[in-house]
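# A structural walkthrough
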Amino acid sequence: MPETASPQQISEEAFRAQALEFLQANAKPRIEEKTGWGEGSDRVGLLAEKSAQEEAEEVATAKAWRQKTFDAGFGWITGPTEYGGRGLTSAYERVWSSVEAGFDVPSGSPFGIGLGMVAPTILAHATPEVKEAYLRRLWRGEMIACQLFSEPVAGSDLAGLQTRAERDGDEWIVNGQKVWTSGAQYSDIGEIICRTDPNLPKHKGLTGFVVDMHAPGVEVRPLRQMTGGASFNEVFFTDVRIPDSHRLGDVNQGWTVALTTLMNERASIGGGGGGSGSIGSARLTELLRHLGRDHDPIARQRLADIYINSKVSAYTSMRAMAKIKAGQLPGPEMSIAKLALTNNLQRISGLVSLVLGTRLLADTGEWGTYAWAELVLGIPGMRVAGGTDEIMRNIVGERVLGLPKEPGLSK
Ligand SMILES: Cc1cc2nc3c(=O)[nH]c(=O)nc-3n(C[C@H](O)[C@H](O)[C@H](O)COP(=O)(O)OP(=O)(O)OC[C@H]3O[C@@H](n4cnc5c(N)ncnc54)[C@H](O)[C@@H]3O)c2cc1C
């Protein structure tokens, strides 16, 4: 990190100049994606569908870029200096993002879960030893982390999870199964929530840990999605040993740890971190025009609806993000932001299905038609990941509108 890293030593303007200089030296300016019919790539997906080789290349490129930006002082701008961060305020983070947006830099998606959800949880709940061991390496892109929460019978009802961790001296022995673990195939560590006391009420008998994904007894099996890719996995744990120093928070206080991660997850998805904020209405307008549906009142109405709601969704996310950036805990705004986004994705899915019809089902080779299938098939996953639409509605109903709680149900 350069000497100018100290918060006292750099103004926002000097930081902007430094960021620009670094990006000009290391990346090419971004060329505006063309939206005219037949121009540029026609890919419109949500979950990346890649071969194993493409994925390995993407991870290697992302790691190399992250190391370069970290070493130049732009990798963890708001992080505490003791763990490798630059100790600057989020205003500097915004400056970096706005300057970086003008350049064509490698995708950071392999780090989405690790840096968006796991690293903040480590910072909030881990022992100094674990913070020391992992935070810098995660932010420098030397390691990737995954989120090991969901199980075959514990998704929305996460507190019902059954993977056991039993204490054995200074270690814990873990047995059980997780599922839908995104990126487990290239992760080095995972944040796992286990049941440590089956005799306590379900929310009270859980504990969080950082587990080494390369430890003996960890087995990762890919799951194929209906979109064709295999970006998530089943992960089996058989007598996996975790040192007690790798515990997150107190024994049986894992629910609080899980909530820290889930709030950051909703923020990340609602804010577009799930790769979901990028479907512009310009592309949809071109589609309608090409299909001769731009004068169809129903299609026009639905397009206008999508445009208005994309603004509503973006502003809701910005409101939620502003709260986080002001140092406040993410709250139900995250659920509203996520719901606003997925509702609009559903509208997009409806409109393209209406105008494309069978062209969405069979590839005629025509530019910009069948390509929408990947998006349409990916949207249900977005409505489930990070808390389903129904669960988000329950949260909004109970915590924002003050409606009565569901009898006997938990999330
Ligand atoms: C793309 C993607 C990536 C993911 N990545 C990860 C990951 O990296 N790590 C991880 O741990 N998990 C991950 N998940 C799992 C995700 O968190 C769960 O799928 C989600 O929490 C829902 O759980 P479930 O699939 O068990 O569905 P269930 O909880 O069984 O829900 C089934 C249906 O019942 C409804 N329902 C359930 N409870 C209620 C209720 N109380 N009120 C009203 N309706 C209800 C739901 O809305 C849903 O429609 C991922 C999922 C997806 C789709």
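Note: the structure precedes this text.
Please read these numbers as outputs of a predicted model, since none were measured by experiment.

### Re unusual backbone geometry
- Although it is not a glycine, Trp180 adopts a positive phi angle of roughly 65°.
- Here Trp180 is to be found in strand S5 (residues 171–182).
- Residue Trp180 is classed as partly exposed on the basis of its relative accessible area, which comes to 49%.
- With phi around 70°, Asn252 is a residue other than glycine that occupies positive phi space.
- Here Asn252 is to be found in the loop between strand S10 (247–248) and helix H6 (254–270).

### Things to note about the site of the ligand
- Taken together, 19 residues lie near the ligand, and Ser156, Trp180, Ser182, Thr388 and Glu390 sit nearest.
- At a separation of 2.9 Å, a nitrogen atom of the ligand approaches a polar backbone atom of Trp180.
- Here Ser182 contributes a side-chain N or O atom positioned 2.7 Å from a nitrogen atom of the ligand.
- Starting from 980 Å² of accessible surface for the ligand in isolation, the protein chains cover 71%.

### Thoughts on the packing of aromatic side chains
- Evaluated as defined, the whole model comprises 10 aromatic pairs.
- Relative to Trp96, the ring of Phe74 lies with its centre 4.6 Å away and its plane at 5°, an arrangement referred to as stacked. Separated by 22 residues along the polypeptide, Phe74 in the loop between helix H2 (52–71) and helix H3 (90–100) and Trp96 in helix H3 bring together distant segments of the chain. Per residue, the accessibility class of Phe74 equals that of Trp96, and both read buried.
- Measuring from ring centre to ring centre gives 4.9 Å for Trp76 and Trp139, while their planes differ by 5°; the resulting arrangement is stacked. Highlighted residues: Trp76 in the loop between H2 and H3 and Trp139 in helix H5 (residues 128–139), separated in sequence by 63 residues.
- Looking at Trp76, the relative accessible area reads 6%, which means it is buried.
- Since its relative accessible area comes to 15%, Trp139 is described here as buried.
- The structure contains a cluster of three or more aromatic residues connected by ring pairs, namely Phe15, Phe22, Trp65, Phe74, Tyr92 and Trp96.
- If you follow Arg66 out to its NZ or CZ, it ends over the ring of Phe111, 5.6 Å from the centre.
- We note Arg221 situated over the ring of Phe236; from NZ or CZ to the ring centre the distance is 4.1 Å.

### Side note on the packing of helix H1 (residues 12–26) against H2
- Taken N-terminus to C-terminus, the directions of H1 and H2 make an angle of 145°; their axes are 11 Å apart at the nearest point. As H1 runs across H2, the sense of the crossing is right-handed. On H2, the residues that touch Phe22, Leu23 and Asn26 of H1 are Trp65, Lys68 and Thr69.
- Split by residue class, the contact of H1 with H2 holds 3 nonpolar, 2 polar and 1 charged.

### Description of a nonpolar patch on the surface
- A contiguous nonpolar patch, built from Tyr307, Ile308 and Val312 and spanning about 280 Å² of accessible area, is present on the exposed surface.
- Among the secondary structure elements, Val312 is positioned in helix H8 (residues 297–325).

### Regarding the pattern of salt bridges
- Under the defined criterion, the tally for this structure stands at 18 salt bridges.
- The salt bridge partner of Asp305 is Arg347, with a shortest N-O separation of 4.0 Å. Residue Asp305 is found in helix H8, and its partner Arg347 is found in helix H9 (residues 333–356); the two are separated by 42 residues along the sequence.
- Overall, the relative accessible area of 27% leaves Arg347 in the partly exposed class.
- Among the ionic contacts, a cluster of salt bridges with common partners joins Asp71, Arg137, Arg140 and Glu142.

### A few points about the packing of helix H7 (residues 281–290) against H9
- Viewed as axis vectors pointing N to C, H7 and H9 meet at an angle of 15°, and their least axial separation amounts to 11 Å. Classified by the interaxial angle, the pair formed by H7 and H9 is roughly parallel. In the packing of H7 onto H9, the handedness of the crossing is left-handed. On the side of H7, the interface is formed by Leu284, Leu287 and Leu288, while H9 contributes Ile348, Leu351, Val352, Val355 and Leu356.
- For the contact of H7 with H9, the class distribution of residues is 8 nonpolar, no polar and no charged.

### Observations regarding the nonpolar core
- Of all hydrophobic cores here, the largest spans 35 residues; its most connected members are Ile122, Leu138 and Ile189.
- Elements with a contribution of two residues or more to this core: H2, helix H4 (112–125), H5, strand S6 (189–195), strand S7 (206–212) and H6.
- Considering each element in turn, this core owes the most residues, 6 residues, to H4.
- Beyond its immediate stretch of four places on either side in the chain, Leu138 contacts Arg66, Leu115, Ala119, Ile122, Met143, Ile144, Ala145 and Ile189.
- Counting 23 residues, the second-largest nonpolar core is a separate cluster that includes Leu287, Ile306, Ile348 and Val352.

Parameters at a glance
Residues numbered from 1 in each chain as written. Predicted model: local features only at pLDDT ≥ 70, side-chain atom pairs only at ≥ 80, totals over all residues. Heavy atoms only, no water. Helix = DSSP H or I, 4+ residues; strand = E, 2+ residues; numbered from the N terminus. Buried < 20%, exposed > 50% of the residue type's maximum accessible area, 1.4 Å probe, protein only. Near = heavy atom within 4 Å. Polar contact = N/O pair within 3.5 Å; in protein donor to acceptor, adjacent residues only side chain to side chain. Areas by Shrake-Rupley, 256 points an atom, 1.4 Å probe, with all protein chains shown as cover. Phe/Tyr/Trp six-rings, centres within 6.5 Å; stacked < 30°, edge-to-face > 60°. Lys NZ or Arg CZ within 6 Å of the ring centre and 35° of its normal. Axes fitted to C-alpha atoms, helices over the stretch in contact; angles between N-to-C directions. Left-handed = near helix turned anticlockwise from the far one by under 90°. Contact = heavy atoms within 4.5 Å. Nonpolar A, V, L, I, M, F, W, Y, C, P; charged D, E, K, R; others polar. Patch = residues over 30% accessible without salt bridge, like charges linked within 9 Å, V, L, I, M, F, W, Y side chains within 5 Å. Salt bridge = Lys/Arg side-chain N within 4 Å of Asp/Glu carboxyl O. Parallel < 35°, antiparallel > 145°, perpendicular 65-115°, else oblique. Core = buried A, V, L, I, M, F, W, Y, C linked by side-chain atoms within 4.5 Å.

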